[in-house]
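The residues making up each chain are set out below.
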Amino acid sequence: MESDKLKNEGLKKAALEYHERGRRGKIEVISSKPCISQLDLSLAYTPGVAQPCLEIQRDPKLARLYTAKGNLVAVVSNGTAVLGLGDIGALAGKPVMEGKGVLFKRFADIDVFDIELDAKDPEDIIKTVKHIAPTFGGINLEDIKAPECFIIEERLKAELDIPVFHDDQHGTAIISGAALLNALMVTGKDIKKIKVVFSGAGAAGIACANFWVTLGVNADNILMTDSKGVLWKGRGDEGKNIYKDKYFRDTKARDLADAMRGADVFCGLSQKGALTKDMVRTMGDQPIVFAMANPDPEITYEDAKEARPDVLMATGRSDYPNQVNNVLGFPFIFRGALDVEAVAINEEMKMAAAMALANLAREEVPESVKRAYDDPNLAFGPEYIIPKPFDQRVLVWSASAVAEAAMKTGVARKMIDLEEYKEQLRGKSDWTREIMRKIFLRARRDLKRIVFPEGTDPKVIWAASEIVRERIAKPVLLGKREEILQIFEDLHHDPDGIEIIEPKTSFRRQVYVNEYYRTQQRKGISLDRASLDMRNYINFGAMMVHMGDADGMVAGVTQSFHEVLQPALKIIGPRKKGGLVAGMYMLLQDHKLYCLADCSVNINPTADELASIVKLAAGELRSLDIDPVIAMLSFSNFGTVLSPESEKVAKAVEIIKETRPDLVIDGPVQGDIALDTEFVKKRFPFSDLTTQPNLLIFPTLDAGNISLRLLRKLGKAHTIGPIMIGMAKPIQILPVGVDVSQIINLTALAAVDAQQLAKREKGEPQVESLLV
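Rules behind the numbers
- Residues numbered from 1 in each chain as written.
- Predicted model: local features only at pLDDT ≥ 70, side-chain atom pairs only at ≥ 80, totals over all residues.
- Heavy atoms only, no water.
- Helix = DSSP H or I, 4+ residues; strand = E, 2+ residues; numbered from the N terminus.
- Rg over C-alpha atoms; globule rule 2.2 N^0.38 Å.
- Buried < 20%, exposed > 50% of the residue type's maximum accessible area, 1.4 Å probe, protein only.
- Contact = heavy atoms within 4.5 Å.
- Pairing = 2+ DSSP bridges.
- Axes fitted to C-alpha atoms, helices over the stretch in contact; angles between N-to-C directions.
- Phe/Tyr/Trp six-rings, centres within 6.5 Å; stacked < 30°, edge-to-face > 60°.
- Expected span 1.5 Å × (residues − 1).
- Core = buried A, V, L, I, M, F, W, Y, C linked by side-chain atoms within 4.5 Å.
- Parallel < 35°, antiparallel > 145°, perpendicular 65-115°, else oblique.
- Left-handed = near helix turned anticlockwise from the far one by under 90°.
- Nonpolar A, V, L, I, M, F, W, Y, C, P; charged D, E, K, R; others polar.
- pLDDT = per-residue confidence, 0-100.

Re the overall build of the chain
- When its secondary structure is counted, the chain shows 31 helices and 21 strands.
- A compact globule built from 772 residues should have a C-alpha radius of gyration of about 28 Å, and the chain, at 29 Å, falls within 12% of that.
- For the C-alpha atoms alone, the extent of the chain along its principal axes is close to 95 × 65 × 45 Å.
- Looking at the chain as a whole, 53% of its 772 residues qualify as buried.

The following block contains the structure:
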């Protein structure tokens with residue numbers, strides 16, 4: 001219990017720090033147009049801004065051409081039904097609404113303003129939303145309690161000419177509806193004959209029941225329960241809630257246990273523990289249980305399977321099969337609706353979204369998705385009836401289906417070519433969001449011992465706690481035990497699962513001294529010096545890796561890059577004798593991934609060394625299921641300026657084209673030109689850069705390091721790295737000013753690196769090799 005308390009305290013601290021650090025909260029508004037010069041200012045604001053204003057006054061439809069309206073959604077809440085927290089008020093619900101905005105942006109590139117209304121009267125909310133509606137292309141109602149949410153949505157749908165969607169109702173209904181269709185296909189049940197029991201008669205429960213009836217469930221075969229038991233005629237509260245009334249039944253069943261006898265399907269939208277194993281045992285053959293209460297389901301997957309091994313189970317959790325997650329719905333439904341300028345989200349569009357998800361789940365699962373979820377056997381069946389949230393195909397399938405339904409039913413203002421639209425959607429797919437998830441999942445397959453020489457640093461201690469909690473690796477902290485444990489206590493983190501080693505008193509210390517002396521004695525290191533060097537925790541940690549007492553090392557919180565790199569090169573060295581070690585950063589900008597190498601190690605590489613860097617970096621991208629498109633950067637564009645510097649880059653390109661014809665590469669090319677694909681096609685039609693490059697190779701450390709730091713500071717780009725590539729054993733070096741999440745990310749990379757090294761040493765296939 002004490003351990004659980006510490007873990008909860010650690011999670012609380014991590015969540016609060018996440019929201020507090022840097023710019024407060026999770027969202028910001030940035031300009032999509034330059035505003036640098038006086039001319040820019042005169043166009044963005046007065047006097048130039050008058051022109052689009054007058055055009056919109058003349059023709060209101062032009063607002064989508066001249067403003068952000070067409071890609072802007074309001075997430076509106078009054079905080080009366082927030083997640084599992086209940087009525088916490090408008091302001092307290094703001095972090096959730098900001099989070100909703102993040103999901104809209106990350107999954108479908110939709111911009112959001114979160115609007116928290118301090119109002120409980122439906123009329124006040126309706127009036128306010130109507131007044132602000134001209135700003136937006138759509139309205140997403142969120143966390144508003146029933147029955148007010150029904151009233152508000154119905155009125156706004158009738159009175160506004162933009163999509164209005166209450167996600168708590170329809171999102172769950174659509175996703176669970178898709179799951180139901182596939183569950184019935186797997187079990188061979190007839191949708192018209194199944195007996196369904198709903199636990200929970202709030203907004204989500206009623207909306208799911210309504211939508212399932214639309215899908216074909218016989219309404220007479222539905223029994224619904226609330227906190228008072230079964231909705232049965234004669235209970236005494238009929239007529240008090242018009243939305244519940246349709247589900248009152250003439251039945252002898254009085255509680256959930258009664259209702260469950262002989263049921264084919266259970267749909268839970270109530271609370272933890274509402275469904276017992278005994279109730280599941282009384283269900284019909286091949287029962288279907290959707291236990292979707294959050295964060296804890298009505299019954300756990302394990303308990304349901306123990307009660308009925310033939311059960312087909314879905315929950316709202318990602319750690320069980322068949323996650324019914326609303327993020328599979330609202331981003332893509334709004335994407336399709338906005339792109340055809342729909343005036344509403346109608347039943348046909350919801351049905352199209354559900355059918356798209358159901359059909360997609362029946363398709364063969366791509367290898368990239370299988371690897372992302374660490375499940376090589378992922379295929380349609382009892383444990384895969386709904387697509388995974390990180391399946392990039394969902395955006396294309398769902399948004400295009402919604403757009404098509406909108407056009408067919410006459411609610412679209414704009415007609416589009418669906419095939420062209422699908423190609424546009426593929427371009428919007430954000431491949432970056434699954435990269436770290438994929439790496440984390442790989443790390444969990446076989447937990448590796450990762451040593452942290454700076455074990456007394458609070459950031460390292462915090463990261464180590466999270467690493468254990470997330471099951472990413474087995475952290476080993478170097479330092480004085482009492483000091484480290486005291487910091488754990490001060491930070492309210494749990495030291496469970498974390499090994500602490502004091503180098504000064506370690507029984508392995510003399511072994512490391514002797515081995516270090518053996519390998520360095522012809523390089524000016526005496527035995528006394530070797531003993532002295534082992535007092536340095538970086539050296540000690542590197543020797544642990546060298547001797548196999550640790551699988552990898554992560555360091556650099558308190559030491560400079562050079563102070564970690566030099567011992568690592570001396571003790572571990574490059575993978576190949578006389579080979580190269582390089583550094584690569586993953587840079588996330590505008591929802592796209594770019595990899596930059598070498599920004600960390602090689603000061604002025606030769607043409608041959610540049611070619612080696614290309615091969616190392618390209619291998620990393622391919623290990624992440626990304627086809628590298630490589631631009632070799634220079635101040636010259638394909639020989640416009642001839643100099644030793646540009647000719648070096650041109651020679652490296654020739655080497656790669658001769659030795660690795662499978663790689664798409666070209667250069668020398670200037671950085672901005674390389675990223676402007678249309679300009680390259682027009683000005684340099686001979687170039688192989690026909691798509692935007694995702695791997696940028698810098699000619700010198702000066703160019704790479706300076707560019708990276710400016711990008712991070714001025715461009716506000718998110719980076720992962722430096723990722724050390726080419727080392728004989730896993731060593732990751734943390735950048736200056738590193739935060740806890742970066743430590744965790746690089747630890748996961750080191751852990752996966754160690755897994756692949758172990759495979760190579762055993763002679764096993766390394767089709768997924770990452771970093772060594």
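Notes on the environment of A728
- Inspection of the secondary structure assignment puts A728 in the loop between strand 20 (718-725) and strand 21 (731-733).
- With 151 residues separating them along the chain, A728 and K577 place their C-alpha atoms 9.4 Å apart.
- With residues up to four places along the chain from it excluded, the contact list for A728 reads I572, G573, P574, R575, L757 and R760.

Quick word on the sheet that holds strand 18 (residues 664-669)
- Strand order in the open sheet formed by 6 strands is 18-17-19-16-15-20, with mixed pairing between adjacent strands. The two strands at the open ends of the sheet, each matched to only one other strand, are strand 18 and strand 20. Between one strand and the next, the sheet's axes are offset by a mean angle of 20°, whatever the strand orientation.
- Direction of pairing for strand 17 (residues 629-633) relative to strand 19 (residues 695-697): parallel, over a ladder of 3 bridges. In the strand pairing of strand 19, M632 is matched with I697.

Looking at the packing of aromatic side chains
- Throughout the structure, instances matching the rule amount to 14 aromatic pairs.
- Plain terms: the ring middles of F104 and F334 are 5.5 Å apart, the flat faces sit at 75° to each other, and that makes the pair edge-to-face. With F104 in helix 5 (residues 94-108) and F334 in helix 14 (residues 330-339), this pair connects stretches of sequence that are 230 residues apart. As far as the burial class goes, F104 and F334 line up, both buried.
- On the basis of an interplanar angle of 25° and a centroid distance of 4.4 Å, the ring pair of F150 and Y243 is categorised as stacked.

Quick notes on helix 26 (residues 607-623)
- Between its first and last C-alpha atoms helix 26 spans 25 Å; for 17 residues at 1.5 Å apiece the expected length is 24 Å, and the two agree.
- Where helix 26 is concerned, the buried positions are A607, L610, A611, I613, V614, A617, A618, E620, L621 and S623.
- Immediately beyond the C-terminal end of helix 26, within one or two residues, lies D625, with a positive phi of roughly 60°.

Some details on the nonpolar core
- With 104 residues, the main nonpolar core has I139, F198, W212, F290 and M349 as its most contacted residues.
- The element best represented in this core is helix 17 (residues 393-408), accounting for 10 residues.
- Once you skip the residues sitting within four places of it in the chain, F198 turns out to touch G205, C208, A209, W212, I222, L223, M224, T225 and C267.
- The next biggest cluster of nonpolar side chains, apart from the first, holds 66 residues, and it includes A473, M586, A611 and L749.

Some remarks on the packing of helix 8 (residues 167-187) against helix 9 (residues 203-215)
- Interhelical geometry of helix 8 versus helix 9 gives an angle of 45° and a closest axis separation of 8 Å. In terms of axis orientation, helix 8 runs oblique to helix 9. Regarding helix 8 and helix 9, the two cross each other, and that crossing is right-handed. Note on element contacts: helix 9 touches helix 8 through A203, A204, A207, C208, F211, W212 and L215, opposite D168, Q169, H170, T172, A173, I174, S176, G177, L180 and L181.
- Of the residues belonging to the contact of helix 8 with helix 9, the class tally is 11 nonpolar, 5 polar and 1 charged.

Here we look at the confidence of the model for the chain
- In the predicted model, the chain carries a mean pLDDT of 89, and the fraction of residues at 70 or more is 95%.
- In the model of the chain, helix 1 (residues 2-20) stands out as the element of lowest mean pLDDT, 69, in contrast to helix 6 (residues 122-132), which has the highest, 97.
- With pLDDT under 50 throughout, residues 767-772 is counted as low confidence; its partners more than four residues away or in other chains account for 27 contacts.

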